[in-house]
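Spelled out, the chains give:
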Amino acid sequence: MAPVGGTLLSAVAVTGAGTTIVFPFMIKDIAIQFSGAGTTFTAIVVDVEGSLDGVTWFVLATKTFTAGELTAKAALHVVENAMVSHIRLNPTTVTVTAATLSAICKAEGPVG
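Cut-off values and rules
Residues numbered from 1 in each chain as written. Predicted model: local features only at pLDDT ≥ 70, side-chain atom pairs only at ≥ 80, totals over all residues. Heavy atoms only, no water. Salt bridge = Lys/Arg side-chain N within 4 Å of Asp/Glu carboxyl O. Helix = DSSP H or I, 4+ residues; strand = E, 2+ residues; numbered from the N terminus. Buried < 20%, exposed > 50% of the residue type's maximum accessible area, 1.4 Å probe, protein only. Pairing = 2+ DSSP bridges. Core = buried A, V, L, I, M, F, W, Y, C linked by side-chain atoms within 4.5 Å. Contact = heavy atoms within 4.5 Å. Phe/Tyr/Trp six-rings, centres within 6.5 Å; stacked < 30°, edge-to-face > 60°. Lys NZ or Arg CZ within 6 Å of the ring centre and 35° of its normal.

Trainee: Looking at this structure, how should I read the pattern of salt bridges?
Mentor: Pairing of side chains with opposite charge becomes possible as their charged atoms draw close. If you walk through the whole model with that rule in mind, you get 2 salt bridges. Linking Arg88 and Glu49 is a salt bridge whose minimum nitrogen-to-oxygen distance equals 2.5 Å. Taken together, the positions of Arg88 in strand 6 (residues 84–108) and Glu49 in strand 3 (residues 29–51) put the pair 39 residues apart, joining distant regions of the chain. This pair shows no difference in class: Arg88 is buried, exactly as Glu49 is. Between Lys63 and Glu69 there is a salt bridge; the shortest N-O distance is 2.9 Å. For Lys63, a relative accessible area of 9% puts it in the buried group. Among the residues examined, Glu69 registers a relative accessible area of 16% and is labelled buried.

Trainee: Looking at this structure, how should I read the pairing of strand 6?
Mentor: Moving residue by residue along a regular strand, the side chains alternate between the two faces of the sheet. Two elements, strand 1 (residues 4–12) and strand 6, share 6 bridges in a ladder whose sense is antiparallel. Paired with Gly5 across the bridge in strand 6 is Lys106. Relative to strand 6, strand 2 (residues 21–27) runs antiparallel, the two being bridged by 3 bridges. Among the inter-strand pairings, Ile27 is bridged to a residue of strand 6, identified as Val84. Pairing geometry for strand 3 and strand 6, over 21 bridges, is antiparallel. Along strand 6, the bridge assignment pairs Ala37 with Thr100.

Trainee: Even after reading the chapter, I still don't get the nonpolar core, so can you show me in this structure?
Mentor: Here is a general trend for soluble globular proteins: nonpolar side chains tend to be buried in one another's company. Counting residues in each nonpolar core, the largest one holds 29 residues, and the members touching the most others are Ile30, Ile32, Phe34, Ile44, Leu89 and Leu101. Among the secondary structure elements, those contributing two or more residues to this core are strand 1, strand 2, strand 3, strand 5 (74–79) and strand 6. Sort the elements by how many residues they give to this core and strand 6 lands first, with 9 residues. If we skip the residues at most four places from it in the chain, Leu89 touches Leu8, Leu9, Gly16, Ala17, Gly18, Ile32, Phe34, Val46, Asp47, Val48 and Ala103.

Trainee: Teacher, can you tell me more about unusual backbone geometry here?
Mentor: In most cases, non-glycine residues show a negative phi, while peptide bonds are predominantly trans. With phi around 50°, Ala11 is a residue other than glycine that occupies positive phi space. Mapping Ala11 onto the fold places it in strand 1. We note that Asn81 has phi near 60°; this positive angle belongs to a residue other than glycine. Within the secondary structure, Asn81 sits in the loop between strand 5 and strand 6. The exposure class assigned to Asn81 is exposed, which follows from its relative accessible area of 52%.

Trainee: Quick question: what am I supposed to make of the packing of aromatic side chains here?
Mentor: Aromatic rings considered in pairs are described by the distance between their centres and by the relative angle of their planes. Enumeration according to the criterion identifies 1 aromatic pair in this entry. Between the aromatic rings of Phe34 and Phe65, the centroid separation amounts to 5.4 Å while the plane-to-plane angle is 75°, which identifies the pairing as edge-to-face. Here Phe65 lies in the loop between strand 4 (58–64) and helix 1 (67–72) and Phe34 lies in strand 3, a separation of 31 residues in the sequence. Overall, Phe34 belongs to the buried group, its relative accessible area being 1%. For Phe65, a relative accessible area of 6% corresponds to the buried category. Taking the ring centre of Phe65 as reference, the NZ or CZ of Lys63 above it sits at 5.9 Å.

Structure representation (C-alpha coordinates):
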(Lines give C-alpha, C1' and ligand atoms only; values in the text may rest on other atoms or scores of the structure.)
Protein backbone atom coordinates (compact mmCIF):
# COMPACT_ATOMS: atom_id res chain seq x y z
CA MET A 1 0.00 0.00 0.00
CA ALA A 2 1.26 3.50 -0.80
CA PRO A 3 2.26 5.81 2.06
CA VAL A 4 -0.35 8.28 3.30
CA GLY A 5 0.19 11.59 5.07
CA GLY A 6 -0.26 15.30 5.01
CA THR A 7 0.59 18.63 6.60
CA LEU A 8 0.90 18.67 10.40
CA LEU A 9 2.25 22.22 10.92
CA SER A 10 2.03 25.15 8.55
CA ALA A 11 4.28 28.17 9.25
CA VAL A 12 3.88 28.26 13.05
CA ALA A 13 5.90 30.36 15.48
CA VAL A 14 4.01 29.52 18.69
CA THR A 15 3.35 26.51 20.92
CA GLY A 16 0.18 24.43 20.79
CA ALA A 17 -1.27 21.45 18.96
CA GLY A 18 -1.25 21.54 15.18
CA THR A 19 -3.48 19.92 12.59
CA THR A 20 -4.75 16.40 13.23
CA ILE A 21 -4.37 13.84 10.49
CA VAL A 22 -6.85 10.98 10.60
CA PHE A 23 -5.64 7.89 8.77
CA PRO A 24 -8.12 5.45 7.21
CA PHE A 25 -6.41 2.62 9.10
CA MET A 26 -4.04 1.99 12.01
CA ILE A 27 -0.52 3.10 11.16
CA LYS A 28 2.71 1.68 12.51
CA ASP A 29 5.64 3.86 11.41
CA ILE A 30 5.56 7.62 10.76
CA ALA A 31 8.22 9.80 9.13
CA ILE A 32 8.00 13.52 9.89
CA GLN A 33 9.89 16.14 7.89
CA PHE A 34 10.33 19.53 9.56
CA SER A 35 11.26 22.64 7.58
CA GLY A 36 11.70 26.25 8.61
CA ALA A 37 11.68 29.63 6.99
CA GLY A 38 12.98 32.96 8.22
CA THR A 39 15.89 34.32 10.21
CA THR A 40 16.85 32.36 13.34
CA PHE A 41 15.87 29.17 15.15
CA THR A 42 17.14 29.10 18.75
CA ALA A 43 15.17 26.21 20.29
CA ILE A 44 12.52 23.84 18.95
CA VAL A 45 10.93 20.97 20.90
CA VAL A 46 7.91 19.14 19.46
CA ASP A 47 5.82 16.33 20.94
CA VAL A 48 4.54 13.78 18.42
CA GLU A 49 1.09 12.83 19.72
CA GLY A 50 -1.11 9.92 18.74
CA SER A 51 -4.66 8.83 19.46
CA LEU A 52 -7.09 6.05 18.66
CA ASP A 53 -10.20 8.22 18.96
CA GLY A 54 -9.01 11.79 18.28
CA VAL A 55 -10.06 12.83 21.79
CA THR A 56 -7.48 11.36 24.15
CA TRP A 57 -3.88 12.10 23.11
CA PHE A 58 -0.62 10.44 24.12
CA VAL A 59 2.97 11.54 23.54
CA LEU A 60 4.54 8.97 21.21
CA ALA A 61 7.90 10.75 20.98
CA THR A 62 9.55 14.11 21.58
CA LYS A 63 11.75 15.74 18.95
CA THR A 64 14.32 18.22 20.27
CA PHE A 65 16.18 19.93 17.44
CA THR A 66 19.97 19.60 17.56
CA ALA A 67 22.27 22.60 16.98
CA GLY A 68 22.81 21.43 13.41
CA GLU A 69 19.08 21.07 12.77
CA LEU A 70 18.43 24.55 14.21
CA THR A 71 21.06 26.00 11.87
CA ALA A 72 19.72 24.08 8.87
CA LYS A 73 16.11 24.85 9.84
CA ALA A 74 15.30 21.26 8.92
CA ALA A 75 14.97 17.85 10.57
CA LEU A 76 13.66 14.37 9.91
CA HIS A 77 12.14 12.31 12.72
CA VAL A 78 10.80 8.73 12.57
CA VAL A 79 8.38 7.24 15.09
CA GLU A 80 8.30 3.45 15.00
CA ASN A 81 5.53 1.17 16.27
CA ALA A 82 3.06 4.03 16.77
CA MET A 83 -0.09 1.88 16.37
CA VAL A 84 -2.51 4.84 16.12
CA SER A 85 -5.09 6.16 13.67
CA HIS A 86 -4.74 9.88 14.55
CA ILE A 87 -1.56 11.95 14.72
CA ARG A 88 -0.67 15.55 15.46
CA LEU A 89 2.35 17.61 16.46
CA ASN A 90 2.39 19.74 19.58
CA PRO A 91 5.27 22.23 19.67
CA THR A 92 6.12 22.77 23.35
CA THR A 93 9.11 25.09 22.80
CA VAL A 94 9.36 27.46 19.85
CA THR A 95 12.08 30.07 20.21
CA VAL A 96 12.56 31.79 16.85
CA THR A 97 13.35 35.24 15.50
CA ALA A 98 11.32 36.20 12.44
CA ALA A 99 10.94 32.52 11.53
CA THR A 100 8.28 29.81 11.23
CA LEU A 101 8.17 26.01 11.37
CA SER A 102 6.26 23.64 9.09
CA ALA A 103 6.01 19.84 9.05
CA ILE A 104 4.66 17.07 6.84
CA CYS A 105 4.38 13.35 7.48
CA LYS A 106 4.17 10.05 5.65
CA ALA A 107 3.04 6.79 7.21
CA GLU A 108 2.87 3.17 6.13
CA GLY A 109 -0.10 0.99 6.81
CA PRO A 110 -2.41 -0.63 7.39
CA VAL A 111 -1.44 -2.59 10.45
CA GLY A 112 -3.35 -5.77 10.59
